[in-house]
Amino acid sequence: MKNRVTYQLDISASTSNLSEVRNFIGRHAGKNGFSEKQIDEIRLAVDEAVTNIIKHAYKNDESKTIDILLIFTPKKLCVKLTDDGKNFKLDTYERPDLEKQIKQKKRGGMGVYLIHSLMDDVSYTRDNGKNKMEMCKNRNS
Amino acid sequence: MKNFSVKHRTQSGFSILDLHGELDAHTASQLEDALKDLINQNRSEIIVNCSNLEYIASAGLGVFMAYIEDVRSDGGDIKLTNMNDKVYNVFDLLGFPTLYDILDDESDAINNFSNR
């Protein structure tokens, strides 16, 4: 394969586009040699990340856009998500205390934990008013 | 595009929800409405059959977290059955199996409820 192959998808910030995002990942990761299990993991991690952007950065404002870039290299796939919404913190990613959350009828926090569990590297930067998140999955993981 | 549905049926007196398709932040509200309907009808012994559930994201798990206390405080439970491995792995990653009854088959859930 070529050293570096990229694919791009822009979606409006609506949860109705999540299935399109998952299909986009599945199609290209399959074509670029990732296993079914790896594809399932990447799909879920990206779904969770995009959901967080829609809900927290954009507060469900469907007029906003999320840019999704897939970069395949011989060693890994990196997914870059860019939005120009509110900066929201995703630094804490301990496994949620389910028992406590159930008692308090609290949801949330699970997506971030899943992202960090399923991907090998996750980083966030804020640059020129944009949130940039990058998450990578190694081919041999 | 409709990629999720939830259907309700009654079996041996228990309420069963059959989930089909992909449960994500967009479709989770359909499951939430179905569970709320049952709880409003004072149905607290609920079985969720996942045999046709192909995908779940944390928004779907969140629905189960939000209502389990309500049904348990009424003496009931939400029991999950017939999950494929891929869906089970997501529940497992977050530690659900220690707090929820996740059973191989719908009949196991009916037996568990009946033999209490």
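Up top is the structure.
Remember, predicted model here, so these are calculated numbers, not experimental data.

**Observations regarding the overall build of chain A**
In step 1: From N to C terminus, chain A includes 4 helices and 5 strands.
In step 2: In chain A, the succession of helices and strands from N to C terminus is β-α-α-β-β-α-α-β-β.
In step 3: Its C-alpha radius of gyration of 15 Å places chain A within 12% of the 14 Å reference for a compact globule of 141 residues.
In step 4: Taking all 141 residues of chain A together, 50% fall into the buried category.
In step 5: Of the contacts made within chain A by residues no fewer than 6 positions apart, 65% connect residues no fewer than 24 positions apart.
In step 6: Placing the 26 positive and 20 negative side-chain charges of chain A at their respective mean positions leaves the two points 1 Å apart.

**A few points about helix H3 (residues 85–93) of chain B**
In step 1: Val 87, Val 90 and Phe 91 of chain B are the residues of H3 of chain B that are buried. Within H3 of chain B, the buried residues cover an arc of 100 degrees as seen down the axis, which keeps them to one side.
In step 2: Elements in contact with the buried residues of H3 of chain B: helix H2 (36–57) and helix H4 (110–118) of chain A together with strand S3 (45–56), helix H2 (58–73), strand S4 (77–81) and strand S5 (102–103) of chain B.
In step 3: Where H3 of chain B begins, the capping side chain belongs to Asn 84 of chain B, and its oxygen is found 3.0 Å from the backbone nitrogen of Lys 86 of chain B.
In step 4: Directly after H3 of chain B, the chain includes Gly 95 of chain B, whose backbone phi takes a positive value near 85 degrees.

**Topic: the nonpolar core**
It is characteristic of soluble globular proteins that their nonpolar side chains tend to be buried jointly.
In step 1: Counting residues in each nonpolar core, the largest one holds 76 residues, and the members touching the most others are Val 50, Ile 68, Leu 81 and Met 135 of chain A together with Leu 19, Phe 64 and Ile 78 of chain B.
In step 2: If one sorts the elements of this core by residue count, H2 of chain A sits on top with 10 residues.
In step 3: Setting aside chain neighbours within four positions, we find Leu 19 of chain B in contact with Phe 4, Ser 5, Val 6, Leu 31, Val 48, Asn 49, Cys 50, Asn 52, Leu 53 and Phe 64 of chain B.
In step 4: By size, the runner-up hydrophobic cluster in this structure holds 7 residues, among which are Phe 14, Leu 103, Ala 109 and Phe 113 of chain B.

**Section: the environment of Val 90 of chain B**
In step 1: Along the chain, Val 90 of chain B falls in helix H3.
In step 2: Separated by 73 residues in the primary sequence, Val 90 of chain B and Leu 17 of chain B place their C-alpha atoms 20 Å from one another.
In step 3: Other than its neighbours up to four places away in sequence, Val 90 of chain B contacts Leu 44 and Leu 114 of chain A together with Ile 56 and Leu 61 of chain B.

**Some thoughts on the state of the cysteines**
Cysteine pairs can be linked by a disulfide, which is a covalent bond between their two sulfur atoms.
Residue and element names in this part refer to chain A.
In step 1: According to the stated counting rule, one finds 1 disulfide over all chains in the structure shown.
In step 2: Here Cys 78 is linked by a disulfide to Cys 136, with a sulfur-sulfur distance of 2.1 Å. On the S-S bond that ties Cys 78 to Cys 136, the torsion sits near 110 degrees, and the link is right-handed. Separated by 58 residues along the polypeptide, Cys 78 in strand S3 (residues 76–83) and Cys 136 in strand S5 (residues 130–138) bring together distant segments of the chain.

**Notes on the interface of chain B and chain A**
Often the size quoted for an interface is simply the accessible area lost on bringing the parts together.
In step 1: Listed as interface residues are 29 residues of chain B and, on the opposing side, 28 residues of chain A.
In step 2: Of the roughly 2,400 Å² buried where chain B meets chain A, counting both sides, 63% is carbon and sulfur surface.
In step 3: The largest per-residue losses of area from chain B upon contact with chain A belong to Met 65, Leu 93 and Leu 94 of chain B, which jointly make up 27% of the total buried on that side.
In step 4: Inspection of the chain B/chain A interface yields 5 salt bridges.
In step 5: A salt bridge links Arg 22 of chain A to Glu 22 of chain B; the shortest N-O distance between them is 2.6 Å.
In step 6: Across the chain B-chain A interface, the total number found is 9 residue pairs in polar contact (both at pLDDT 80 or more).
In step 7: Only S3, H2 and H3 of chain B provide two or more residues apiece to the side of chain B that touches chain A.

About the thresholds
Every chain's residues receive numbers from 1 upward, in the order its sequence appears when written. In the order they appear in the text, chains get letters beginning with A and ligands get numbers beginning with 1. The model is predicted, so local features are restricted to residues of pLDDT at least 70 and side-chain atom pairs to those at 80 or more, both for listing and for counting; the totals for chains, interfaces and linings are taken over all residues. Only heavy atoms go into the side-chain values, all of them from the structure, while hydrogens and water stay out. By the criteria applied, helices consist of DSSP H or I runs no shorter than four residues and strands consist of E runs no shorter than two, each listed in order from the N terminus. We compute the radius of gyration from the C-alpha atoms alone; for a globule the expected value is 2.2 Å times N to the 0.38, where N is the number of residues. Each residue is assigned to one of three classes by its accessible area relative to the maximum for its type, calculated with a 1.4 Å probe on protein chains only: buried under 20%, partly exposed between the two thresholds, exposed over 50%. Should any heavy atoms of two residues lie within 4.5 Å, those residues are counted as being in contact. Counting rule for charge: Lys and Arg are taken as positive, Asp and Glu as negative, and neither His nor the chain ends is counted. To locate a charge, take atom NZ for lysine, CZ for arginine, CG for aspartate or CD for glutamate. Working note: the arc is built from the helix axis to C-beta atom directions. For the purposes of these results, a polar contact is taken to be a pair of N or O atoms within 3.5 Å, where, inside protein, one atom must be able to donate a hydrogen and its partner to accept one; residues adjacent in sequence count only when each atom of the pair is a side-chain atom. We define a nonpolar core as any set of buried Ala, Val, Leu, Ile, Met, Phe, Trp, Tyr and Cys residues linked to one another through side-chain atoms lying within 4.5 Å. Disulfides are defined in this document as cysteine sulfur pairs within 2.5 Å. What gets called buried area is simply the loss in accessible area from a 1.4 Å probe that two parts show on being joined, summed for both. One side-chain nitrogen of Lys or Arg within 4 Å of one carboxyl oxygen of Asp or Glu is enough to make a salt bridge.

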